[in-house]
Every structure is written in structure tokens, then in C-alpha cells.
Amino acid sequence: MPLTIGVPRETFPGEKRVATVPEVVEKLLKLGFAVAIERGAGEAANFTDAAYQAAGAQVLPDAASLWGSADIVFKVRPPSLAEVALMKEGATLIGFIWPAQNPELMQALVGKRATVLAMDCLPRQLSRAQKMDALTSMAGIAGYRAVIEAANAFGRFFAGQVTAAGKVPPAKVFVAGAGVAGLAAIGTAANLGAIVRANDTRSEVADQVKSLGGEFVRVDYEEEGAGAGGYAKEMSEGFKAAQRAMYAREVKDADIVITTALIPGKPAPKLITAEMVQTMRPGSVIVDMAAEQGGNCELTVPGEAVVRHGVTIIGYTDLPSRLARQASTLYATNLLRLAEELAKTKDGTIDVDFADDAIRGLTVIKNGEITWPAPPPQLPAAAPKPASATTLPAKPAAHGHGAGAPLAGGTLALLFGIGALLFWLVGAFAPTSFLSHFTVFVLACFVGYMVIWNVTPSLHTPLMSVTNAISSIIAIGALVQIAPPMGEAAAGERPDGWILGLAVLALLLTAINMFGGFAVTRRMLAMFRK
């Protein structure tokens, strides 16, 4: 008997998202499940009951009938205690739970002998878990929407403009926290034309900030802030003091401040003080994305937009819900990927397999027993570096000089003497016609080395360096054969027909190689341009 997936209407005030969408319903049916939707569950996200019915879902009239009949419940927000009371005994609940913040909810679910998979507990450090990472999906939407809300409250353009009516400077945006939400905000603000600066306790995100068009601002204090699971950790008091000084400078100079800093299981750190807000220009905007956990700004009012000291402080807690259709589609896809992992047999049944690290991390209650927190997942060990057979042993120092030391004066003089002797032998015994070719050959080798081989390997591969150097030598030699030196031309000495033909062919082939190399390089560089 296939299990029924039930999707109730969200009851949290202002919540517009829904846990599945019609296009995902069709895919859930292919996994063998039956799907039931509470009437009006998708209306706030612009998904009609008729669209769900057309996709194959059953529409039930009220919450009681849905909770009482569903074997698996897909939710967005954590259920209320009243909803848990309607839940079928032994059913499975999948959605955001936040077990550390909701102990009463956890106990109520234990009383129902439920199995609960919390989307907020996914071990995000597992690469194969990314397709189920609803936190990342929602954070990206929230970061985008934060910039849109800031633009709505800000009294100027983001991009600078020069018009007949005057010059408009670009907006200056400072983003505190460069996680998924922060990076989404950085990219959106930069695309709108703002000057974007950002900070994060994790130094490894600096390159990501730069790639999105922002400037990374470092704290003048050496301490790494990367925590478990890709989150930031709580920093030392010394770092916090240096960070506050940096924030005071950045906030004073910014037109828009977007804060995203969160530490799992703890209230949001206070980064923006009331004194910092007072230093901002009137008309500036702060968007506090951590408002639901208390806020990063001391003056934030969760769920509201307030004006303090002439600065608009936005503390909305429903940023993903303000893009309900997009957020619902992404979240429904995350749940679908989880359903595929749970129902690999595609027969409408699920297997909560604790041997799977991703499933184990998600599961906070199994058959009425609390299994949270999960043990850390077993990450694959980094492959040991093989002992390279090509690694050359360090050369012993000679005459007190280490490896790479400049040559001694006597050795250098000996090398120059041998080179001069070789050139004298060539000049004394080689035919006169050979000397001009030999001179061209030596000059071609020198030019090829200086122009091609002397380029740093990070800009030019050694193999390409060799081929281009050889091509330049062949090209010069072919030109000499086609147009002999002035003395030979004056004497009426013209190259043989075969030699002339081969020279023209060699010049043609090397030209293809050389210009083709430039064309390929140009195309490769274009891949890294916006």
C-alpha cells in the first residue's frame, strides 16, 4: 500500500510558502506515493487547487482530514502543538523543526511516536546533501529579497548616474556576513550598480566576495572564524573589539547595511550598536536578516520596519516568503530530492536508513525516540599525497652556496670563454653563406626564449611555450629563404623552386599554429570575463 504525502496549509502568521508545487506532485507520484493537499494551501504562492488536481493530487477540505490521513507530512514552518494533536500516530514529518529552539514541540512529536526529519539539521558539509539543502535555497532567496527591500526604502538609485539635472553618486552597500545569504545580497547589489563591501569571520570567503563584484574588508586581528558545517563560530573578545571598530567605520560610510550573521543554537550577535546607527546619514537603510533570532542591530524590531535617528531599520522575518512562488518551488525540489533518497525502490514506501550520513543527520526523532543531535558524519579522509618519484633531492650546497646561488666569478668567466671559442670556430671555418643563417638562428632562439619561454608558467603552459618558440624560429628561417639577405639578392642568387615552395609551406603552417594559439588563448580568457 503506497504511503500518502500530505501538504497542509501553513498557519504561521504571514507565511505564504507551501511545501510542494504541482510540477513536483507529478514526480512524487512517479515515486509511488499518493499526494494530498489541504484546500487553499498554495493560494498565497499563486498555486491553485485546480493546478494540484490536474497534477494528480487529492485536495482535502481541512487540516484535520489532512493531518489525520497523511502518512508523511511535508511542512515549511515547524508545526504548532495544535497541528501535532491532529497528526496521525506513527506518521513521518519532514520540514524545518529547529529542535534546539522547540523542546515542547519535540516532546509532543515523541508522544505521537512520530519520525521527524528536520531540514535545518542536514549535514551541509556532505557534497551529496547539497541537492537537499533547503537552508541554502531559502538563504539565497532571502539575500536577494533583502536588497530589493533596501532599494524600496532607499531614496536614491543604486547605480551612479550623470544626467542634465545633476550627478547621482552610486550607493555604498556594506554586507556583514558572507554566507549564502550575504553572497546573494552582494551579487544583487553589485548587479544593481552599487559599490559593495563585505566582511566575514571566515577568511576563505574573500575570493567569493570578489568574484561577485564586492570588496572584502578584513578585521585587523588574526583569528579564523570557520566553524562546523560551514557556519561561522563565536569569536574571541579581542576579535570582537577589532571587529566593532571596523564596523563603526564601515557603517558610518555606508548608505545601506545588510546584516546576516548567525551562530547555530545561539542568539544573533549584536554587530550594529545604537551609536553606530546615529553616525549614519539620514535616509540610510539597515536590513537585519537575523531579526528572527534577535537581530544583529540593537535597534531592530523583529517583523517590522522602523525609523531610528533618520535610518530605516528593516527587521522582516519573512524574506523568503515575500518571493513565495520561487521559494516554494525551490523548497519543494529539495523535499523531492529527499523523497528520492528515502524511496529508492520507487514503490511508495520509505526507509529511514541511519547508514546514510545525510539521512542520519536529518533525523531528529525516529519512531518516537529522540535521535538528535546526530553524531558528526564520517567525511572521507583526504587522499594522502603520493611520494612523488619525480621529486628531485635537494642539491647539496657547493663552496658555501645553497641551491640557486649565483655562479662564482671564475665559473662564469669559463663559460663565456667556451662560448666565445665556439663562435670563433664557426666564424673561422664555416662558409660565408652559413654565417648569416647561423646569426638569424641564434637571434631567433634568443627572441623565442625572451618572449615565450620567459613567461611565467601560470600564464603559459611549458608545452605551448616550446611549440611557439619553435614556430617563431621556423617562421624566421622561412622568411630568410623566401627573401635572401641583401648581398645574395644583389648577386642574383635566388632560392631553388623546391626550397622556395617548402619555405612558403613552412611559413603557412607555422602561421596557422601561431595565430591559432592566440585565438585559443583569447577564447580561454573570454571564459573568465563577465
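This write-up is about the structure you can find in this document. Predicted model, so just to flag it, every value in this text is computed and none were measured.

Considerations on the nonpolar core
If you look at the biggest cluster of nonpolar residues, it comprises 47 residues, and the most contacted ones within it are Leu28, Phe74, Ile94, Met119, Tyr331 and Leu338. When contributions to this core are tallied by element, the ones reaching two or more residues are β1 (4-7), α1 (22-30), β2 (34-38), α2 (49-55), β4 (72-74), α6 (134-153), α11 (324-342) and α12 (357-362). The element contributing the most residues to this core is α11, with 9 residues. Setting aside chain neighbours within four positions, we find Phe74 in contact with Ile5, Gly6, Val7, Pro8, Ala19, Leu28, Ile94 and Leu335.

Quick look at unusual backbone geometry
Residue Trp372 is joined to Pro373 through a cis peptide bond whose omega torsion reads 0°. Relative to the helices and strands, Pro373 resides in the loop between β17 (369-370) and α13 (409-429). Positive phi, normally seen in glycine, also occurs at Arg113, with a value near 55°. Take Arg113: it is sitting in the loop between α5 (103-111) and β6 (115-118). Arg113 sits in the partly exposed class, given a relative accessible area of 47%. Of note, His309 is a non-glycine position whose phi angle comes to about 55°, a positive value. Inspection of the secondary structure puts His309 in the loop between β14 (305-308) and β15 (311-314).

Quick look at the packing of aromatic side chains
Note on aromatic pairs: each is described by the distance of the centres and the angle between the planes. Scanning the model with the defined rule gives 6 aromatic pairs in all. Centre to centre, the rings of Phe154 and Phe158 are 6.2 Å apart; their planes meet at 85°, and the pair counts as edge-to-face. Here the aromatic rings of Phe174 and Tyr247 are separated by 5.5 Å at their centres, their planes lie at 75°, and the arrangement is edge-to-face. Of this pair, Phe174 sits in strand β9 (residues 172-176) while Tyr247 sits in helix α9 (residues 237-253), and the two are 73 residues apart along the sequence. Relative accessible area serves as the criterion here: at 2%, Tyr247 is assigned to the buried category. Every member of this aromatic cluster is reached through a ring pair, and the members are Phe96, Trp98 and Tyr331. Between the NZ or CZ atom of Arg77 and the centre of the ring of Phe12, over which it lies, the distance is 4.1 Å. Over the ring of Phe354 we find Lys366; its NZ or CZ atom is 4.4 Å from the centre of that ring.

Criteria and cut-off values
- Residues numbered from 1 in each chain as written.
- Predicted model: local features only at pLDDT ≥ 70, side-chain atom pairs only at ≥ 80, totals over all residues.
- Heavy atoms only, no water.
- Core = buried A, V, L, I, M, F, W, Y, C linked by side-chain atoms within 4.5 Å.
- Buried < 20%, exposed > 50% of the residue type's maximum accessible area, 1.4 Å probe, protein only.
- Helix = DSSP H or I, 4+ residues; strand = E, 2+ residues; numbered from the N terminus.
- Contact = heavy atoms within 4.5 Å.
- Phe/Tyr/Trp six-rings, centres within 6.5 Å; stacked < 30°, edge-to-face > 60°.
- Lys NZ or Arg CZ within 6 Å of the ring centre and 35° of its normal.

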